[in-house]
Amino acid sequence: MAVIGLPYKYLERLTGTDHETILARLPMIGSEVERQEADHADVEFFPDRPDLFSVEGVSRAMRGFLDIETGLPRYTVKPSGIKFTVDPNLATIRPCLGSAIIRNVTFDEESILSIMGLQEALHWAVGRGRSKVAIGIHDLDTIKPPFHYIASPRSRKFIPLDFERELSMDEILVEHPKGRDYAKIVKDFPLFPLIIDNENNVCSFPPIINGERTRVTTSTRNILLDTTGTDNKAVQVAVNIICTAMAETGAAIESVEIEGVQTPLLAPMERIISVRECCDLIGVELPATEIANLLEKMRFGAQPVDRGTVKVQVPCYRADIMHDWDIFEDVAIAYGYDKFAVEISPTFAIGRAHPVYTIAAQVRGILAGLGYLEMMPFTLTNERVLYDAMQRERSSRVLSLMHPISEEHTVVRTDILPLLLEMLQVNKPRELPQCLFATGDVIEDMRTTQRLAAASIHLNADLSEAYACTDAVLHELSITYIVQESKDPAFIDGRRGDIIAGGKKVGVFGEIHPSVLNAFDLEHPVAAFELDLRAVPGYPAL
Amino acid sequence: MAELTQNEKRLLAILEKEHKADAPHLASLLDATPEAVVQWAHLAEEKGLVSLERFVDKAFIYTDEGKEYLKHGLPETQLLKFIRNDTPLADLQKHAAFRIGFGQLRKKGLISVKNGTVSKVGESSTADDETALKNPQAGDPRTKELIKRGILQETETVTYRVSITLEGTALVKKSHTITLESEHKIVIGTLSRDQIISREWKNLNFRRYDVAKLPKRVYPGKTHPYQRLIEEMRQILLEMGFTEIYGDIVQSSFWNFDALFQPQDHPAREMQDTFYLKEQAPLPAGWEKVRDMHERGGETSSTGWGGTWNKKKAEQCVLRTHTTSLSIQHLAANPNPPVKAFCISRVYRREAIDPTHTPEFEQLEGIVMDKGVSFRHLLGYLKEFYGRMGFEDVRFRPAYFPYTEPSVEPEIYVDGLGWVEMGGAGIFREEVTAPWGITYPVLAWGLGVSRVAMLKLGLKDLRLLYRSDIEWIRESPVHRDQKVTKGGRK
């Protein structure tokens, strides 16, 4: 999530109203005010609205929402006459380039911070951590056009931002903090992307770091924007968002000629929307004129074509508008989520519990009746608990996580009993007897199925208790079964039985082996059983 | 003077007439056991109202062996009859009484043994021993010897005699409450089966117990407090006509992400947020439509994400990160209206464990698909559901979720906390529903059940749900006092 700092003075100046009014209404366009300080507020915006990641963008949206200035913001773009070449060798490295010239910039500390913040937020939300899009802004007056985006030998040296000496690009990846952070994006390429001016001065080593030479300061008046990446659409969105934010401060935007194409254009996209479709989706009857008014509040251009359709101009910075429904959402937001006459639909349907959960509820009833307490252990565990501590063979049917977050959680459980013994261990200081059960999912061979396990610990826990409890549960669940001597090493030989139903082993019960008790640091005998609930008649075949 | 019990009063009333009597006699008069009478007399004696005399009567009883000897004589007596002078030892050894009798005779010096023959010594006789056997006397050494040999056993019979003291008599005369009125009322503790069926209980008084003293608490077996909360939610949704969904934890990225129009480079799909598995799963029939939707927006007004959609990426399996993967499969299998379905199941996120994060947790999700349903109805369902959960004040804020449009975040008002964000909701994007031939809007909402648990169960640490302290489960009442949470406006 992007958290944007909004300094009150700057926000008030750009918006034309007091910050209390703005902050009170801000959540209703889709944001969350995280903190309000004496001079600024930190506000979180959603990742689909990168156009709101700057004070300039927020004030543009709020002027509309507060009816101070509605309709499509119009941006004029003059050609700068500046050209930018792109080296064909970049095709397999980082092929896309966007650029613009921004003139008459009047930077103060607040606006510099706002633009830097926007740049970082765009790197995160649109740029996917700079891999998809990276942005550089440069003091235009320190360099000479035309500019060249080239694939450079890695040994090329220049002074990177915040350094006083020259480093080769290879060295930057090791020695510069940004180099270390983003090295993984470029390190495998034989040549590195580089932006230079016509006198071979380095502007930028995208997506890693700018050159110190072109550093932007409060005295910067004219800017070269470079935006490189792997996705042309995303690169253009980033250019549009930065240029329009700068234009909001009074700067003039000029286009650059890249390989014969003038960019950016900052022109809106046009869509014709259906009034019927819009009203049906949001559930409020609105005439075309009202829909157009609401959209103008959201800074769209909108004109009713007839009673059934509205022509909409989508501002170039609204990267989130992919579908007509995205526009309908803005109609709903402008209408006000707090103004809907809410009610449930008359949809008639009969509720039905899933048989798996019906069986699980019956199992809980039976075990509670037998005096057992329910536990809800994690399904994530590890093979030490699942097999080694139980003296059982590690199973090839277990599902392993590719990138576990800790050694405790590396696989999904194939059995529940080991986790119950862990629960007994956790509860060792508590009064005995302790009778615990757990029911829920296990995964074997990728399939999710339901199990029940129960364990009872006290001075006299023994086979007959385990057997009697198992028998009671099987009887209550209408499972016809026979018992065979078990070979399960988690139990004491001669005090363990396999539950056989329908010719298959569906569970095991007995007295836990003392070596297993030692492994779980338990000091009293444990009577236990585990049952595959697929043995219950009526368990659905999934 | 300490208060007299009802039984002491009755004892005194009887004694006032009898003056002095044995406990069994008093017991028969009082319809009690002699032991009970003695117990009451002890209490009255401590108050100086009666005096209690104890008599110990010693008696002897015969063991089985003793009874045998009483009939046939002691073994030494039996053996002695066979001894003449110079009786060969070998002959005696054939006698049944030899083993015990021979030893006794030698011990008593009644015989001598010489060169394999046995002779009597003088006028040997066991008459005194036989006398002791027939008529044992306390203190007699021969009797003691018989006890030692296990032929006799000494028993003590203790009898009590109770007499009323002068104080006791005076008290009875003075008191109105010491009467024979309650002569046949006995105070008892445990009511017995005999007392019930014989109607004897009519003559009984029941001992009064102190109900101010709390019992030792016992705990019934029960379900987990968190499970009970889940059941409450299931109940609400079933009552509202929703069908329950259950499904696999392992899902392909296709169902978990792609079918929900999450672009393949979306941050939520990255390995640091999702548990990926090395396994692959085949894609379902119709997957090409999902590809087309991603690349170009299919046949809808959508532009799609652009770029090239990678089938291999979609085949990679994950532990489901949300139950929406089950909802979309339910819809794909049931594309015709109406559909009302819900699911409360575990989902997995690659998050380190701390008090407010666990790598697995329960998610609730509800969907409604029908002709004519709209965003306004979605807000209605949210209000209804949260209202039934006891959260009366619900408000709505715009939100963003990749697979819904419009999207909304409901907030509920909780006393002491203010407005609390509670899950997310929206209408499934057309890009999500169109590939499966679903032509009507799908309202969907979801929430983290453990968040509700924190509010409802007053938890500060989510880990307690999954690594529970038994004490907490034992102490958590099955029926919670459902406080209805009202907003600050009321």
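Residues numbered from 1 in each chain as written. Chains lettered and ligands numbered in written order. Predicted model: local features only at pLDDT ≥ 70, side-chain atom pairs only at ≥ 80, totals over all residues. Heavy atoms only, no water.

Would you take a moment to explain the overall build of chain A for this structure?
For chain A, the count of helices and strands is 15 helices and 28 strands. Computed over C-alpha atoms, the radius of gyration of chain A comes to 33 Å, more than 25% over the 24 Å expected from 2.2 N^0.38 for 542 residues, which places it beyond the range of a compact globule. C-alpha atoms of chain A, sized along the principal axes, occupy 90 × 65 × 45 Å. Per-residue burial for chain A yields a buried fraction of 58% across its 542 residues. Of all intrachain contacts in chain A linking residues separated by at least 6 positions in sequence, the fraction that spans at least 24 positions is 68%. Averaging the coordinates of the 53 positive side-chain charges in chain A and doing the same for the 77 negative ones gives two points 4 Å apart. (Helix = DSSP H or I, 4+ residues; strand = E, 2+ residues; numbered from the N terminus. Rg over C-alpha atoms; globule rule 2.2 N^0.38 Å. Buried < 20%, exposed > 50% of the residue type's maximum accessible area, 1.4 Å probe, protein only. Contact = heavy atoms within 4.5 Å. Lys, Arg positive; Asp, Glu negative; His and termini not counted. Charge placed at Lys NZ, Arg CZ, Asp CG, Glu CD.)

Please clarify how the sheet that holds strand S17 (residues 301-304) of chain A should be interpreted in this entry.
Hydrogen bonds between backbone atoms are what pair the strands of a sheet, whose relative direction is either parallel or antiparallel. Residue and element names in this part refer to chain A. If you trace the 3 strands from one edge of the open sheet to the other, you get S16-S18-S17, paired in antiparallel fashion. Two strands close off the open sheet at either side, each with one partner strand: strand S16 (269-274) and S17. Within the sheet, the average angular offset between the axes of one strand and its neighbour, ignoring direction, is 20°. In this sheet, strand S18 (residues 309-314) lies alongside S17 in antiparallel orientation, the contact comprising 4 bridges. Counted as the bridge partner of Ala-302 is Val-312 from S18. Packed onto the sheet, helix H8 (residues 275-282) meets S16 and S18 and runs at close to 70° relative to S16. Where helix H10 (residues 324-335) meets the sheet, it contacts S16 and S18, and its direction lies at approximately 75° from that of S16. (Pairing = 2+ DSSP bridges. Axes fitted to C-alpha atoms, helices over the stretch in contact; angles between N-to-C directions.)

Would you take a moment to explain the interface of chain A and chain B for this structure?
When the parts of a complex come together, some accessible area is lost, and that lost area is often used as the size of the interface. Taken together, the 82 residues of chain A in the interface contact 94 residues of chain B. Where chain A abuts chain B, roughly 7,800 Å² becomes buried across the two surfaces, and 59% of that area is made up of carbon and sulfur atoms. When the shortest N-O distance is used, the salt bridge between Asp-265 of chain B and Arg-128 of chain A registers 3.4 Å. Here the residues of the side of chain A that touches chain B sort into 44 nonpolar, 19 polar and 19 charged. (Buried area = accessible area lost by both parts, 1.4 Å probe. Salt bridge = Lys/Arg side-chain N within 4 Å of Asp/Glu carboxyl O. Nonpolar A, V, L, I, M, F, W, Y, C, P; charged D, E, K, R; others polar.)

I'm lost on a nonpolar patch on the surface in this one. Help?
A cluster of nonpolar residues, Leu-191, Ile-196, Ile-197, Trp-201 and Phe-206 of chain B, forms a patch on the protein surface that exposes about 470 Å² of accessible area. Assignment of secondary structure puts Ile-197 of chain B in helix H11 (residues 193-197). (Patch = residues over 30% accessible without salt bridge, like charges linked within 9 Å, V, L, I, M, F, W, Y side chains within 5 Å. Areas by Shrake-Rupley, 256 points an atom, 1.4 Å probe, with all protein chains shown as cover.)

Explain the layout of surface pockets to me, please; I cannot follow it from the model alone.
If you roll a probe as big as a water molecule over the atoms, it shows you where there is empty space left. Residue and element names in this part refer to chain A. Considered as a void within the structure, the second largest pocket measures approximately 690 Å³ in volume. Around the second largest pocket sit 23 residues that line it, and Arg-397, Asp-415, Glu-444, Arg-451 and Lys-505 are the ones nearest its centre. Contributions of two or more residues to the lining of the second largest pocket are made by strand S27 (504-512) and strand S28 (526-532). It is S27 that contributes the most residues to the lining of the second largest pocket, 5 residues altogether. Split into classes, the residues belonging to the lining of the second largest pocket amount to 6 nonpolar, 4 polar and 13 charged. (1 Å grid on protein atoms, 1.4 Å probe; cavity = no way out; pocket = protein on both sides within 12 Å on 5 of 7 lines; lining within 4 Å. Points joined across faces, edges and corners; volume = space filled by probe spheres on them.)

Would you take a moment to explain the sheet that holds S28 of chain A for this structure?
Residue and element names in this part refer to chain A. With respect to topology, 7 strands assemble into an open sheet ordered S19-S23-S24-S28-S27-S26-S25, the strand pairing being mixed. Where the open sheet ends on each side, the last strands, each with one partner, are strand S19 (373-374) and strand S25 (482-485). The sheet contact formed by strand S24 (residues 447-457) and S28 spans 7 bridges and is antiparallel. The residue of S28 that forms the bridge with Ala-454 is Phe-529. Helix-sheet contacts for helix H14 (residues 463-476) involve S24, S25, strand S26 (491-501), S27 and S28, and the interaxial angle to S28 is about 30°.

Would you take a moment to explain the packing of aromatic side chains for this structure?
To describe a pair of aromatic rings, one takes the distance between the centres and the angle between the planes. Residue and element names in this part refer to chain B. What the rule picks out here adds up to 24 aromatic pairs over all chains. Their ring planes at 90° and their centres at 6.1 Å tell us that Phe-242 and Tyr-381 sit as a pair that is edge-to-face. One end of the pair, Phe-242, is in the loop between helix H12 (225-239) and strand S9 (243-244); the other, Tyr-381, is in helix H17 (residues 375-388), with 139 residues separating them in the sequence. Taken as a pair, Phe-242 and Tyr-381 share a single burial class, namely buried. Between the aromatic rings of Phe-254 and Trp-436, the centroid separation amounts to 6.2 Å while the plane-to-plane angle is 90°, which identifies the pairing as edge-to-face. You can see Phe-254 sitting in helix H13 (residues 253-256) and its partner Trp-436 sitting in the loop between helix H18 (430-433) and strand S19 (442-448), a full 182 residues away along the chain. The same class applies to Phe-254 as to Trp-436, namely buried. Of the aromatic side chains, those joined through ring pairs into one cluster are Phe-242, Tyr-381, Phe-385, Tyr-386 and Trp-445. (Phe/Tyr/Trp six-rings, centres within 6.5 Å; stacked < 30°, edge-to-face > 60°.)

Just to check I follow, could you spell out the pairing of S26 of chain A for this structure?
Regular strands place their side chains on alternate faces of the sheet. All names here are of chain A. Strand direction decides the pairing type here: S25 and S26, joined by 4 bridges, are antiparallel. Of the residues in S26, the one forming a bridge with Glu-485 is Gly-497. Where S26 lies against S27, 7 bridges are found, and the strand directions are antiparallel. Within S27, the position partnered with Ala-501 by the bridge is Lys-504. In this antiparallel pair of consecutive strands, S26 and S27, the connection spans 2 residues, and Gly-502 shows a positive phi of 60°.

Explain a negative patch on the surface here, please?
Residues Glu-37, Asp-39, Glu-109 and Glu-110 of chain A make up a contiguous surface patch of negative charge. Structurally, Asp-39 of chain A is set in the loop between strand S2 (31-36) and strand S3 (40-45).

Explain the environment of Arg-346 of chain B here, please?
Within the secondary structure layout, Arg-346 of chain B lies in strand S13 (residues 339-348). Take Arg-346 of chain B: its relative accessible area is 11%, and that puts it in the buried class. Through-space distance from the C-alpha of Arg-346 of chain B to that of Gly-448 of chain B is 9.8 Å; in sequence the pair is 102 residues apart. Looking at Arg-346 of chain B, its side chain comes within polar contact range of the main-chain oxygen of Met-376 of chain A, at 3.4 Å. (Polar contact = N/O pair within 3.5 Å; in protein donor to acceptor, adjacent residues only side chain to side chain.)

I would appreciate a short explanation of the pattern of salt bridges in the present structure.
Pairing is possible between side chains that carry opposite charge, provided their charged atoms lie close to one another. One pass over the full model with this rule turns up 80 salt bridges over all chains. Residue Arg-49 of chain A pairs with Asp-51 of chain A through a salt bridge whose shortest N-O separation is 3.0 Å. Each member of the pair Arg-49 of chain A and Asp-51 of chain A is classed as buried. Between Arg-397 of chain B and Glu-411 of chain B there is a salt bridge, and its shortest N-O distance comes to 3.3 Å. In this pair, Arg-397 of chain B sits in strand S15 (residues 394-398) while Glu-411 of chain B sits in strand S16 (residues 404-414), placing the two residues 14 residues apart along the sequence. For Arg-397 of chain B, a relative accessible area of 5% puts it in the buried group. We classify Glu-411 of chain B as buried; its relative accessible area is 7%.

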